[in-house]
Amino acid sequence: MVKSFRVSDLQTLLASMGRSKSGLKQDLVGRALRLVQTEYSPELLKNVRQLYESRFPKAAGWLPARRPDMVPVTHSTRSTSPTANGQGTDYLNGMPKPSPTPVSEVKLVSLPFYQTLETLVPPRELIAQNCEKLQDSPCTFELTPSQAELIRNSSELRPGTKSVQVVLRICYTDSVGVQEDQYPPNIAVKVNQSYCHVPGYYPSNKPGVEPRRPCRPINITPWLHLSTATNRVTVTWGNFGKHYCVAVYIVRVFTSAELFNKLKHCSVESAERCRERIQDKLRFDPESEIATTGLRVSLICPLVKMRLNVPCRVLTCAHLQCFDAVFFLQMNEKKPTWTCPVCDSPAPFELLTIDGLLSEILKETEDVEEIEYLTDGSWRPIQDEKEKERERERSNTPECHVPDTCSTEANGHSPVHSSTSQTRKSGMGGPAASTGVGAGVVVDLTLDSSSEDEEGGGMAEDSEDTDDSPERRPSKRGRYDYDKDLVTAY
């Protein structure tokens, strides 16, 4: 019988009897055989039979197992024939099939959003009935009239969801201690012939990481008979070597707003205690080579990148950086992780506290995004680097003089060039030559240095030709369709 066990069965058997479960399969088999032959006990026999029956449940006609020598054989008062009782499917080798038994040592972890009111079904193990991968484990319970009335008259968190619920919780039974909710593979829950909703998988944002299912209590209230009628719950689960237990509770469900009110009234650290904590962190240590004179704390929440409204932190964390309590509770209501967003350490609700000193600082400051705690417990605002740079630019910017475009010195042209243009206008008989006042400055935008030199050399000839020739020469035009000598700069 022992030789047909799998490695997981051998490890379970050895662990239940306080023996080492490490090693290869042949070592585990030899260790289990020596245990059966030398240290026989009724508890050991019961464990061996349960493990064998869970692996070969339909072997009703197999021969009795060979017992070691000097082991007494106990005869049951019941008939060993499966057909004698009319319940052939309930007996195996003269002993009843394993039935779900309460697992008294399993204790489920308390959840902040759920308050347990009553226990309907205590934790009991899910036991495989055959060799199939998918197993069905039923359980039944009844509600008392007072329990049904409590659920029926409870307020609604949202349409169709009561604040008092009947929930199903599943966890491991292999380890000892407080257990967290853990679903078996391929889970499905049927309540009174109707399948209820089981939370799905969360999509993962990281590449190569499989989606994770949020393991939380399953609300089965909408499918129950809110009367004294019997309710039947069937859990379908995948049998892949791990052991699970299931329990049913009546709980009261809280919202994030209710938890925040509880936190605000019960867990607020005073400003004086916060100053003492800061002074302890900044106290001079003669053995340390580095002296810390200040600690910077951001007033921006690391969760939502917005200014803090209710600064909150975990008592067990070493940092002074806070996060917003309202957003933290809302996010854990949707996706319970309960980890600190600053250092990723566990952040259970019982260890959360509101920082009284930082709450006062937030009321006194409006545009500050970062502060620095000093050694005496005081603080000072830290100006943003961009704001500092803006002020530095304002203080260092010189006054710019606006040039007068009407003066010949300010527009970038020499007085000689201006006089040349005026000479041409006087030679052309313009009104500016006769009056001498009010004349605009003419700037040649198409001239380059070579053309200016050529004009300077031929100025006298132009003036002579103007005086001697009765006909005036046509004005020169550049590559643009306008007179290059008649461009005025204002």
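Residues numbered from 1 in each chain as written. Predicted model: local features only at pLDDT ≥ 70, side-chain atom pairs only at ≥ 80, totals over all residues. Heavy atoms only, no water.

1. Some remarks on the overall build of the protein
Next, step 1: A count of helices and strands for the protein gives 13 helices and 21 strands.
Next, step 2: For the protein, long-range pairs separated by at least 24 residues make up 68% of all intrachain contacts whose partners lie at least 6 apart in sequence.
Next, step 3: Total accessible area computed for the protein in this model is approximately 30500 Å², and 51% of it derives from carbon and sulfur atoms. (Helix = DSSP H or I, 4+ residues; strand = E, 2+ residues; numbered from the N terminus. Contact = heavy atoms within 4.5 Å. Areas by Shrake-Rupley, 256 points an atom, 1.4 Å probe, with all protein chains shown as cover.)

2. What about the nonpolar core?
Next, step 1: Judged by nonpolar contacts, the single largest core of 35 residues is most densely connected at Phe323, Leu329, Leu352, Leu358, Ile371 and Tyr373.
Next, step 2: Every element with two or more residues in this core is listed here: helix 5 (256-266), helix 6 (271-282), strand 17 (311-314), helix 7 (325-334), strand 19 (352-355), helix 8 (356-364) and strand 20 (370-374).
Next, step 3: For Leu329, the residues in contact, after removing those within four places along its chain, are Phe113, Ser256, Leu259, Phe260, Trp338, Phe349 and Leu352.
Next, step 4: In terms of nonpolar packing, the next biggest core, distinct from the first, is built from 28 residues, Leu120, Val198, Leu224 and Val235 among them. (Core = buried A, V, L, I, M, F, W, Y, C linked by side-chain atoms within 4.5 Å. Buried < 20%, exposed > 50% of the residue type's maximum accessible area, 1.4 Å probe, protein only.)

3. With respect to helix 5
Next, step 1: Residues of helix 5 that are buried include every one of Ser256, Leu259, Phe260 and Leu263, and no others. Viewed end-on, helix 5 has its buried residues packed into an arc of 100°, placing them on one side of the element. More than 90 degrees from the buried face of helix 5, the exposed residues found are His265 and Cys266.
Next, step 2: Each element contacted by the buried residues of helix 5 is listed here: strand 15 (268-269), strand 17, helix 7 and strand 19. (Arc of directions from axis to C-beta.)

4. Examining the confidence of the model for the protein
Next, step 1: The predicted model of the protein has a mean per-residue pLDDT of 75, with 66% of residues at 70 or higher.
Next, step 2: Here residues 58-97 is a poorly scored stretch, pLDDT under 50, and it has 38 contacts once near neighbours within four places are set aside; other chains count.
Next, step 3: Low confidence marks residues 456-470, where pLDDT is under 50. Its contacts with residues over four positions away, or in another chain, come to 4 contacts. (pLDDT = per-residue confidence, 0-100.)

5. Considering helix 2 (residues 25-38)
Next, step 1: Across its 14 residues, helix 2 extends 20 Å between first and last C-alpha, which sits within 8% of the 20 Å expected from 1.5 Å per residue.
Next, step 2: Taken as a whole, helix 2 has its buried residues at Leu28, Val29, Ala32, Leu35 and Val36. Mapping the buried residues of helix 2 onto a view down its axis gives an arc of 125°, with all of them on the same face. Opposite its buried face, helix 2 presents the exposed residues Gln26, Arg34, Gln37 and Thr38, each directed more than 90 degrees away. (Expected span 1.5 Å × (residues − 1).)

6. A few points about the sheet that holds strand 11 (residues 194-195)
Next, step 1: Strand order across the open sheet formed by 4 strands is 5-13-10-11, with antiparallel pairing between neighbours. Lying at the two open borders of the sheet, with one neighbouring strand each, are strand 5 (134-142) and strand 11.
Next, step 2: As paired elements, strand 10 (residues 188-191) and strand 13 (residues 230-238) share 4 bridges and run antiparallel to each other. In the strand pairing of strand 13, Lys190 is matched with Thr234. (Pairing = 2+ DSSP bridges.)

7. Quick word on the pattern of salt bridges
Next, step 1: Enumeration according to the criterion identifies 8 salt bridges in this entry.
Next, step 2: Here Arg313 ties to Glu269 by a salt bridge, and the two come within 2.6 Å at their closest N and O atoms. You can see Arg313 sitting in strand 17 and its partner Glu269 sitting in strand 15, a full 44 residues away along the chain. Each member of the pair Arg313 and Glu269 is classed as buried.
Next, step 3: One salt bridge in this structure joins Asp280 and Arg283, with 3.0 Å as the shortest N-O distance.
Next, step 4: Ionic contacts of the salt-bridge type, sharing partners, join the residues Glu269, Arg277, Arg313 and Asp355 into one network. (Salt bridge = Lys/Arg side-chain N within 4 Å of Asp/Glu carboxyl O.)

8. Quick look at the packing of aromatic side chains
Next, step 1: For the coordinates displayed, the defined rule picks out 5 aromatic pairs.
Next, step 2: Ring geometry for Phe113 versus Trp338: centroids 5.9 Å apart, planes at 40°, classification tilted. Of this pair, Phe113 sits in the loop between strand 3 (107-108) and strand 4 (114-125) while Trp338 sits in the loop between helix 7 and strand 19, and the two are 225 residues apart along the sequence.
Next, step 3: Given a relative accessible area of 8%, Phe113 falls into the buried group.
Next, step 4: Residue classification places Trp338 among the buried residues on the basis of a relative accessible area of 14%.
Next, step 5: Judged by centre distance (6.4 Å) and plane angle (75°), the ring pair of Trp338 and Phe349 falls under edge-to-face. With a gap of 11 residues between them, Trp338 in the loop between helix 7 and strand 19 and Phe349 in the loop between helix 7 and strand 19 connect regions that are remote in the sequence.
Next, step 6: Judged by its relative accessible area of 10%, Phe349 falls in the buried class.
Next, step 7: Connected via pairs of aromatic rings, a cluster forms that spans Phe113, Phe323, Phe328, Trp338 and Phe349.
Next, step 8: Taking the ring centre of Tyr172 as reference, the NZ or CZ of Lys242 above it sits at 5.4 Å. (Phe/Tyr/Trp six-rings, centres within 6.5 Å; stacked < 30°, edge-to-face > 60°. Lys NZ or Arg CZ within 6 Å of the ring centre and 35° of its normal.)

9. With respect to the sheet that holds strand 8 (residues 164-172)
Next, step 1: Overall, antiparallel pairing links the 4 strands, which are arranged 4-14-8-12 in an open sheet. Both outer strands of the open sheet, strand 4 and strand 12 (218-219), are each paired with one neighbouring strand and no more.
Next, step 2: Where strand 8 lies against strand 14 (residues 244-253), 9 bridges are found, and the strand directions are antiparallel. Paired with Ile170 across the strands is Val246, a residue of strand 14.

10. As for the environment of Leu51
Next, step 1: Position of Leu51 relative to the elements: it lies in helix 3 (residues 42-55).
Next, step 2: In the structure, Leu51 is positioned 46 residues away from Phe5 in sequence and 7.9 Å away in space, judged by C-alpha atoms.
Next, step 3: Among all residues touching Leu51, those that are not within four sequence positions of it are Phe5, Asp9, Thr12 and Leu13.

11. So, the packing of helix 5 against helix 7
Helix-helix packing: each pair is described by the crossing angle between the helix axes and the interaxial distance.
Next, step 1: In the contact formed by helix 5 and helix 7, the axes pass within 9 Å of each other and the chain directions differ by 140°. As summarised for this structure, helix 5 and helix 7 are arranged oblique, according to the angle between their axes. Crossing angle aside, the handedness with which helix 5 passes helix 7 is right-handed. Contacts from Ser256, Leu259, Phe260 and Leu263 in helix 5 reach Ala325, Val326, Leu329, Gln330 and Glu333 in helix 7.
Next, step 2: Broken down by class, the residue content of the contact of helix 5 with helix 7 amounts to 6 nonpolar, 2 polar and 1 charged. (Axes fitted to C-alpha atoms, helices over the stretch in contact; angles between N-to-C directions. Parallel < 35°, antiparallel > 145°, perpendicular 65-115°, else oblique. Left-handed = near helix turned anticlockwise from the far one by under 90°. Nonpolar A, V, L, I, M, F, W, Y, C, P; charged D, E, K, R; others polar.)

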